[in-house]
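Topology and contacts: notes
Residue-level listing of the chains:
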Amino acid sequence: MMRIHRVAVSNAALLEIDGPVWSVLTSQSVALSPSPVAMVAAVSPLMALSTKHGKVKGLSARMAHNGVTLNVRISWEDPDKDDRIEDLDRFVDAAAVLFPLGEDANPFTMGDDRNPVNAWFWKADREEPFDVIARGYSTSQRRPGGASGLVVRAEHRQGAWVVVFQRPLRPAPGEFTHFEPGATARVAFAVWEGNNADRGGQKAVSGAFLDLKIDS
Amino acid sequence: MSATIPSKQQLKSCKRQLATVIDLNKCMGCQTCSVACKNIWTQREGTEHMRWASVATCPGSGYPRDWEKKGGGFDAEGRPRAGQLTTMVDCGDSFQFNHEEALSPGASGGRRLEPRSLQGGAPTWGYNWDEDQGKGEWPNPYFFYMPRKCNHCTNAPCIDACSRNAIFKREDGIVVIDQDRCAGHRHCIEACPYSMIFFNPVTQKSEKCIDCFPRVEQGIAPACNRQCVGRTRAYGYLDDPESQVHKLVRKWKVAVPLHPEYGTEPNVYYVPPMSPLSFDGEGKLTEAGRIPIAALERYFGPAVRSALGTLVEERKRRQRGEPSELMDLLISRRWSDRFAEFTREPV
Ligand code: SF4
Ligand code: SF4
């Protein structure tokens, strides 16, 4: 079970990529593998042919809350920084943290009509992340991060990306995941390698939802 | 599959099908069609490289460059084929000239007017880079012009490929991309074997020919068809027995789709070029056409043989002074005959 640590630091301090709070928390490594595109062949039979996507093999995650915001800091190796669409055949790096909104949501299919999922989605060419709601593959809607108070900081250095997501534990009403200190939650991760033409369903994913324990 | 997600079959269905016929014997490569389209649809930021309507010399690399080698469409068993994306240079670059440097009165002397690639440096490729080169040896060189736009395919692989279900056929058969749903993933560009979808790097969405549907809804033919000075083009519903498209495609069967082997059932049809006659070694005119029939079959499939046969036969009938409905159709003495009910003025 992964853990969301309770820390006594400000939101601003948690948003600092190299803030001292992050160095004391244990990092948890998460294996990634190519997304099983055959599962969504009905929506994109062409994408289902892909064999080259999902190059990133793993990430390391640290998670913390201060009673007000949930913070997820992930980093992964990526020798090329793709933060700009340089030509019509180029894609940018991206990452997402996915939470179920419905009990039986399947992360591979982005949920279904009874079991929505909520994703925090960062793209390397944007300052503002998206707060995504999806009810099955092809249905995802990108809402501006401002809708839920989601913010992100990202930096590429020494051949790796470091990204910190921050969002209130209890955002304004809307289809956003709520988190309660002392309770449990579930999470999944995805990373897109722009240089590998990863985008949309072509990504590296962590698999089934991982259990989270939120410190009280 | 969830009930709220439309099936690909639903997205591909339509009540009727609009179609365009282009007579390659009359096309003179003047580019009025491509300019008409550009003026209306692709003058926005991020669309500079796009030509939803284009004309290129055949044989040649085409527009976008080498589109026939980029895959997409379906294999013989109907399975999707992987495809490739186009680049800015493939799409003709959109090189700019150093006007300031070369032409302003205060400019330092000796700078010539030079094109600059969007990628920096001198351009290495551009729209119509290989114009009029064609193929064949003197005294029998040959080429013809190939005007293109989205084929608004009946079995459109772009619709299948879109993982956002953003692409669909309207009731009139026009294929469009919902810009609100498009997320710029570009699977459609890989899927279209005609490379007729273009990525807009500013909006980060994919765009394509919309067959001028806002005009069509008002009874005005698409600009490429309407503005064609060569009167090469017909437009209308394929199932309307009175329309020229129906008569040329269904009745006379002289208009055939480009690359039918891609399996997409295109709805732009071409009256194939009847070659000029070739010379023999002594410089005498022969009965053989200059464009090898195999070359035409490579573009239009086996149906091109009977289409050409009918054209030759009907032309001979006319030369004998007999009536020919087909020759009258192709001449189209009144421009309005070509566009069925889409003859209203644009202004
Ligand atoms: S020509 Fe290409 S873009 Fe147009 S409908 Fe066919 S597959 Fe789609
Ligand atoms: S406007 Fe007509 S004649 Fe001119 S290039 Fe286009 S199709 Fe050919």
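Residues numbered from 1 in each chain as written. Chains lettered and ligands numbered in written order. Predicted model: local features only at pLDDT ≥ 70, side-chain atom pairs only at ≥ 80, totals over all residues. Heavy atoms only, no water.

1. Here we look at the overall build of chain B
Looking only at helices and strands, one finds 11 helices and 14 strands in chain B. Its C-alpha atoms give chain B a radius of gyration of 21 Å, near enough to 20 Å, the size a compact globule of 347 residues would have. Counting across all 347 residues of chain B, residues that qualify as buried make up 54%. Counted over contacts in chain B with a minimum sequence separation of 6, partners at least 24 positions apart contribute 66%. When the accessible surface of chain B is split by element, carbon and sulfur atoms take 53% of a total near 15,800 Å². Of the side chains in chain B, 47 bear a positive and 42 a negative charge, and the two mean positions are spaced by 2 Å. (Helix = DSSP H or I, 4+ residues; strand = E, 2+ residues; numbered from the N terminus. Rg over C-alpha atoms; globule rule 2.2 N^0.38 Å. Buried < 20%, exposed > 50% of the residue type's maximum accessible area, 1.4 Å probe, protein only. Contact = heavy atoms within 4.5 Å. Areas by Shrake-Rupley, 256 points an atom, 1.4 Å probe, with all protein chains shown as cover. Lys, Arg positive; Asp, Glu negative; His and termini not counted. Charge placed at Lys NZ, Arg CZ, Asp CG, Glu CD.)

2. Brief notes about the sheet that holds strand β12 (residues 268-271) of chain B
Residue and element names in this part refer to chain B. Read across the sheet, four strands follow the order β10-β1-β12-β11 without closing on themselves; strand pairing throughout is mixed. Among the strands making up the open sheet, the edge pair consists of β10 (233-237) and β11 (256-257). Bridge analysis of strand β1 (residues 18-23) against β12 gives four bridges, and the strand direction is parallel. Note on β12: the bridge partner recorded for valine 21 is tyrosine 269. Helix-sheet contacts for helix α8 (residues 244-251) involve β1, β10 and β12, and the interaxial angle to β10 is about 95°. (Pairing = 2+ DSSP bridges. Axes fitted to C-alpha atoms, helices over the stretch in contact; angles between N-to-C directions.)

3. Some remarks on the interface of chain B and chain A
Taken together, the contact pairs 33 residues of chain B with 25 residues of chain A. The contact between chain B and chain A buries some 2,400 Å² in all, and 56% of this surface belongs to carbon and sulfur atoms. In this assembly, chain B and chain A are joined by one salt bridge. For B:Glu190, the salt bridge goes to A:Arg199, with nearest N and O atoms at 3.2 Å. (Buried area = accessible area lost by both parts, 1.4 Å probe. Salt bridge = Lys/Arg side-chain N within 4 Å of Asp/Glu carboxyl O.)

4. Section: the packing of aromatic side chains
Enumeration according to the criterion identifies 22 aromatic pairs over all chains in this entry. Note on A:Trp122 and A:Trp161: the rings are 4.9 Å apart at their centroids and 70° apart in plane angle, and the pair reads as edge-to-face. Taken together, the residues A:Trp122 in strand β7 (residues 117-123) and A:Trp161 in strand β11 (residues 160-168) connect sequence positions 39 residues apart. For the pair A:Trp122 and A:Trp161, a shared accessibility class is recorded, and that class is buried. Joined through ring pairs, the aromatic side chains of A:Phe99, A:Trp120, A:Phe165 and A:Phe179 make up one cluster. Over the ring of B:Trp67 we find B:Arg148; its NZ or CZ atom is 3.6 Å from the centre of that ring. (Phe/Tyr/Trp six-rings, centres within 6.5 Å; stacked < 30°, edge-to-face > 60°. Lys NZ or Arg CZ within 6 Å of the ring centre and 35° of its normal.)

5. So, the site of ligand 2
Surveying the vicinity of ligand 2 reveals 13 residues, the closest of which are B:Cys27, B:Cys30, B:Gln31, B:Cys33 and B:Cys228. Within the shell around ligand 2, the residues separate by chemical class into seven nonpolar, five polar and one charged. (Near = heavy atom within 4 Å. Nonpolar A, V, L, I, M, F, W, Y, C, P; charged D, E, K, R; others polar.)

6. Some points on the domain arrangement of chain B
Residues and elements named next belong to chain B. Here chain B is described as being made up of domain 1 (8-92 + 127-339) and domain 2 (93-126). Each of domain 1 and domain 2 was reduced to a C-alpha centroid, and the two centroids are 33 Å apart. The interface of domain 1 with domain 2 comprises 14 residues on the first partner and nine residues on the second. Between domain 1 and domain 2, the buried area comes to about 960 Å², and carbon and sulfur atoms account for 67% of it. Counting across the interface, domain 1 meets domain 2 through zero salt bridges. Here domain 1 and domain 2 share four residue pairs in polar contact (both at pLDDT 80 or more) between them. (Domains from an automatic or database assignment. Polar contact = N/O pair within 3.5 Å; in protein donor to acceptor, adjacent residues only side chain to side chain.)

7. Observations regarding empty space enclosed by the protein
Applying the stated criterion across every chain, the model contains 10 cavities of 30 Å³ or more. Computed from the structure, the largest cavity encloses a volume of approximately 690 Å³. If you trace the largest cavity, you find 44 residues lining it, with A:Trp192, A:Gly200, A:Gly201, A:Lys203 and B:His185 closest to the centre. Contributing elements (two or more residues each) for the lining of the largest cavity: β6 (94-100), β7 and β12 (184-192) of chain A. Taken together, the residues that form the lining of the largest cavity break down as 26 nonpolar, 11 polar and seven charged. (1 Å grid on protein atoms, 1.4 Å probe; cavity = no way out; pocket = protein on both sides within 12 Å on 5 of 7 lines; lining within 4 Å. Points joined across faces, edges and corners; volume = space filled by probe spheres on them.)

8. A closer look at the site of ligand 1
Lining the immediate surroundings of ligand 1 are B:Cys150, B:Asn151, B:His152, B:Cys153, B:Ala156, B:Pro157, B:Cys158, B:Val175, B:Cys192, B:Tyr194, B:Ile197 and B:Lys208. Residues belonging to the shell around ligand 1 are distributed by class as follows: nine nonpolar, two polar and one charged.

9. Some points on the layout of surface pockets
Roughly 560 Å³ of volume is contained in the largest pocket. What lines the largest pocket is a set of 22 residues, and nearest its centre among them are A:Ala197, A:Arg199, A:Gln202, B:Gly83 and B:Glu190.

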